[in-house]
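# Chain and residue survey
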Amino acid sequence: MTRPGGEWRNWGRSARVRPQRVEFPTTTTAVQRAVQAAARRGLRVKAVGAGHSFTGIAVAPGVLLDLSDLSGLVSVDRDRARVTLRAGTRLHQIPRLLAPYGLAMPNLGDIDRQSISGATSTGTHGTGARFGGIATQVTGVTMVTADGELLVVDEDHEPELLPAVALGLGALGVLVEVTLQCVPAFVLHAVDRPAPLTEVLDDLDERVQSEDHFEFYWFPHTDVGLTKTNTRLPESAPRNPLPRGARWVDEELLSNAVYRAVCVVGTAVPAVIPSFSRLAVTLTGDREYTDIAPRVFTQNRGVRFREMEYALPAENVRPAFDALRALIDDRGWRISFPVEVRFAAADELWMSTAHGRATGYIAVHRYWREDPTEYFEAVEQIMLGFGGRPHWGKMHTLDAAILRERYPHFADFTALRDRLDPGRMFQNAYLERVLGE
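First, a word on what this report is: a plain description of the structure on this page. (Residues numbered from 1 in each chain as written. Predicted model: local features only at pLDDT ≥ 70, side-chain atom pairs only at ≥ 80, totals over all residues. Heavy atoms only, no water.)

With 14 residues, helix 1 (residues 28-41) ought to run about 20 Å at 1.5 Å a step, and its terminal C-alpha atoms sit 20 Å apart, in line with that. Once helix 1 finishes, G42 follows within two positions and takes phi at roughly 75 degrees, a positive value. (Helix = DSSP H or I, 4+ residues; strand = E, 2+ residues; numbered from the N terminus. Expected span 1.5 Å × (residues − 1).)

And the structure:
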């Protein structure tokens, strides 16, 4: 978001900048003009969506292009179940746009405030061992390059570039349109259940492989895993949605209002956190309902936090999680936010955290008013030891020298950047760190 006086801050309040210029393009032509004008002034350009990345990937010291008004549906290919969206379209707007055509996105994460271009460019994902991240749904893009020209990449135009531009980190140009492969609209049967943590971990492989979508949360200082299992059903399946009042109690009162108060108190008096965590697992995570997929996949997150997430080979999730639990115990930390564990299918996108391997994700969080440094850096060392790759939009300390060894197509990606943006029009400090100069 851009604040009065010109300061932009991300949602997690972990990045901020005062751009020299802020523009709100409403058309592709306006984006082209903005890039060309910036080039004449010798300014760099960064496009910004919803600001839901915790890293500095969208920080724009030069020209900030806020894509909020570059939004909506461009076209629908009913025969192939594909839709083209303007790049600033928010994920939460897409179900309404797709509904008249009986279509849905195959998978979503648990937050839907991001723009489609931001979600795909940073590797946002949901959970499900047979489903890739959102960028794997991309079948084509239209992008403004550093010279202000349009580059179209799809199956008919430079298809060899799609594995790079579908998840491009904002380093190759400004996305203005994104084409997604959709599926027929569907319903999810959701079962949220607490279970003994040892049971969840012992049965983890079976749960992940046998269910359409499985994940679990663990509040440190407890011995309970809060499991979430979603089963895909046809759109015609009977629905039994959560009553409005029950949903409000679970997702607004307990998960936001009460939990925000707990975080505030825990920041001031860390000793109370274990008791609050044990209370949390008795009050939440036990419900069953059936509803249209977007209402099940996503939740409203009103409590600000900061996050680090690492992608691991799926077989390394259990030992890495055990090491994380031991770390928290050994250090005597009081951690109020849960640890989240999710899964995704292998893919072939060059800079995807799931490139070439079935993947599990372990995410750690801290309340935004707490300093996450000690916790995150210690967890990061564990994740690196188990073959981890950091989520591009979540906090980490790695640089190009390390990341180059973890991505087989790293050199191919940076070579393409040299071709499309030799003058580093779209560079910023974060991209310089993770991709090199």
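Here we take up the pattern of salt bridges. With the rule as written, the count across this model stands at 23 salt bridges. The shortest N-O distance in the salt bridge between D322 and R318 comes to 3.0 Å. Taken as a pair, D322 and R318 lie in helix 10 (residues 317-331) at a separation of four residues, close to a single helical turn. Looking at D322, the relative accessible area reads 28%, which means it is partly exposed. The exposure class of R318 is partly exposed, given its relative accessible area of 30%. (Salt bridge = Lys/Arg side-chain N within 4 Å of Asp/Glu carboxyl O. Buried < 20%, exposed > 50% of the residue type's maximum accessible area, 1.4 Å probe, protein only.)

Before going further, it helps to examine the side chain of H396. Structurally, H396 is set in the loop between strand 20 (389-390) and helix 12 (400-403). With a relative accessible area of 9%, H396 lands in the buried category. A distance of 3.1 Å separates a polar side-chain atom of H396 from the backbone nitrogen of L398. Not counting the four nearest positions on each side in its chain, H396 is found in contact with T55, Y310, E380, P390, H391, Y430, R433 and V434. (Polar contact = N/O pair within 3.5 Å; in protein donor to acceptor, adjacent residues only side chain to side chain. Contact = heavy atoms within 4.5 Å.)

Spatial strand order, 16-13-15-14-18-19-17-20: eight strands in an open sheet with antiparallel pairing. Of all strands in the sheet, those with a lone pairing partner are strand 16 (287-292) and strand 20, marking the two edges. Against the sheet, helix 11 (residues 373-385) touches strand 17 (305-313), strand 18 (339-344) and strand 19 (359-367), its axis set at about 10 degrees to strand 17. (Pairing = 2+ DSSP bridges. Axes fitted to C-alpha atoms, helices over the stretch in contact; angles between N-to-C directions.)

At their nearest, the axes of helix 10 and helix 11 sit 10 Å apart, and the two run at 145 degrees to each other. By crossing handedness, the relation of helix 10 to helix 11 is classed as right-handed. Facing helix 10, whose interface residues are A320, A323, L324, L327, I328 and R331, helix 11 presents E374, Y375, A378, V379, I382 and M383. The residue makeup of the contact of helix 10 with helix 11, split by class, is 10 nonpolar, no polar and two charged. (Left-handed = near helix turned anticlockwise from the far one by under 90°. Nonpolar A, V, L, I, M, F, W, Y, C, P; charged D, E, K, R; others polar.)

A few words on the packing of aromatic side chains. In total, this model carries 10 aromatic pairs according to the counting rule given. Ring centres of W11 and F305 lie 5.2 Å apart, and the angle between their planes is 75 degrees; on these two criteria the pair is classed as edge-to-face. With W11 in the loop between strand 1 (8-9) and strand 2 (16-17) and F305 in strand 17, this residue pair connects regions lying 294 residues apart in the sequence. For the pair W11 and F305, one class covers both residues: buried. Judged by centre distance (5.5 Å) and plane angle (70 degrees), the ring pair of W218 and F321 falls under edge-to-face. (Phe/Tyr/Trp six-rings, centres within 6.5 Å; stacked < 30°, edge-to-face > 60°.)

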